[in-house]
Amino acid sequence: LPAIAGDSAIIASIPIASPKDSQLYELSCWLLVSDNDPRAANISAQLINEQGKIDTTADLLTRQSVDNFGMWFRSSKYFYVHRNIKSIRCMIRNTPNPSYIALDELLLRPVDAIIISKTADGSVMVNNHRFKTK
């Protein structure tokens with residue numbers, strides 16, 4: 001997705017189907033940032049409870065990324081999802097605007113899940129980490 005025009009926006013709302021109590025999840029995504037600017041957008045995972053209210057927030061801080069490819073930075077955060085959580089709303093904070101160029105590969109997964117994806121060019125990702133096949 002190209003960068004949003006505003007300072008913040010909801011980029012996804014993901015329903016959660018009855019997690020085990022206190023199940024550990026990881027949310028990650030790749031953000032393309034400029035090499036001419038030290039700013040980087042951050043993602044907030046808002047855990048929404050049965051009443052439709054924000055129960056907890058987990059922040060993915062892009063500049064703390066230790067996984068990158070060129071100027072693509074993988075933001076990630078581990079957090080517990082309790083039984084009363086019904087969805088996770090992902091919000092991007094584009095401040096100061098503009099603080100990123102594009103967002104790609106948003107992934108929410110229970111930590112015990114292994115997610116493998118392959119792009120049209122043959123690139124492989126495992127749990128949203130680039131995986132070298134050669």
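Trainee: Explain the pairing of strand S6 (residues 72–81) to me, please; I cannot follow it from the model alone.
Mentor: In summary, the side chains of a regular strand alternate between the two faces of the sheet. Across ten bridges, strand S2 (residues 23–32) lies against S6 in antiparallel orientation. When the sheet's bridge partners are listed, Leu24 is paired in S6 with Tyr80. Judged from the two bridges that link them, strand S5 (residues 68–69) and S6 form a sheet pairing that is antiparallel. Bridged to Phe69 within S6 is Trp72. Here S5 hands over to S6 after two residues, with Gly70 in that stretch at a positive phi of 65°.

Trainee: Could you clarify how one ought to interpret the packing of aromatic side chains in this entry?
Mentor: Geometrically, a pair of aromatic rings is defined through the distance of the ring centres and the angle of the planes. Inspection of every chain in the model, using the stated rule, returns zero aromatic pairs. Lying over the aromatic face of Phe73, Arg63 brings its terminal NZ or CZ to 5.4 Å of the ring centre. In this structure, Arg130 is placed above the aromatic ring of Phe69, and the distance from its NZ or CZ to the ring centre is 3.5 Å.

Trainee: Is there a simple way to explain the pattern of salt bridges in this structure?
Mentor: Overall, the coordinates contain three salt bridges when judged by the stated rule. When the shortest N-O distance is used, the salt bridge between Glu26 and Arg74 registers 2.8 Å. Of the two residues, Glu26 sits in strand S2 while Arg74 sits in strand S6, which places them 48 residues apart along the sequence. For Arg74, a relative accessible area of 4% translates into the label buried. Where Glu26 meets Arg109, a salt bridge forms, and the shortest distance between an N and an O atom there is 3.0 Å.

Parameters and conventions
- Residues numbered from 1 in each chain as written.
- Predicted model: local features only at pLDDT ≥ 70, side-chain atom pairs only at ≥ 80, totals over all residues.
- Heavy atoms only, no water.
- Pairing = 2+ DSSP bridges.
- Helix = DSSP H or I, 4+ residues; strand = E, 2+ residues; numbered from the N terminus.
- Phe/Tyr/Trp six-rings, centres within 6.5 Å; stacked < 30°, edge-to-face > 60°.
- Lys NZ or Arg CZ within 6 Å of the ring centre and 35° of its normal.
- Salt bridge = Lys/Arg side-chain N within 4 Å of Asp/Glu carboxyl O.
- Buried < 20%, exposed > 50% of the residue type's maximum accessible area, 1.4 Å probe, protein only.

Keep in mind these numbers describe shape, not what the thing actually does.
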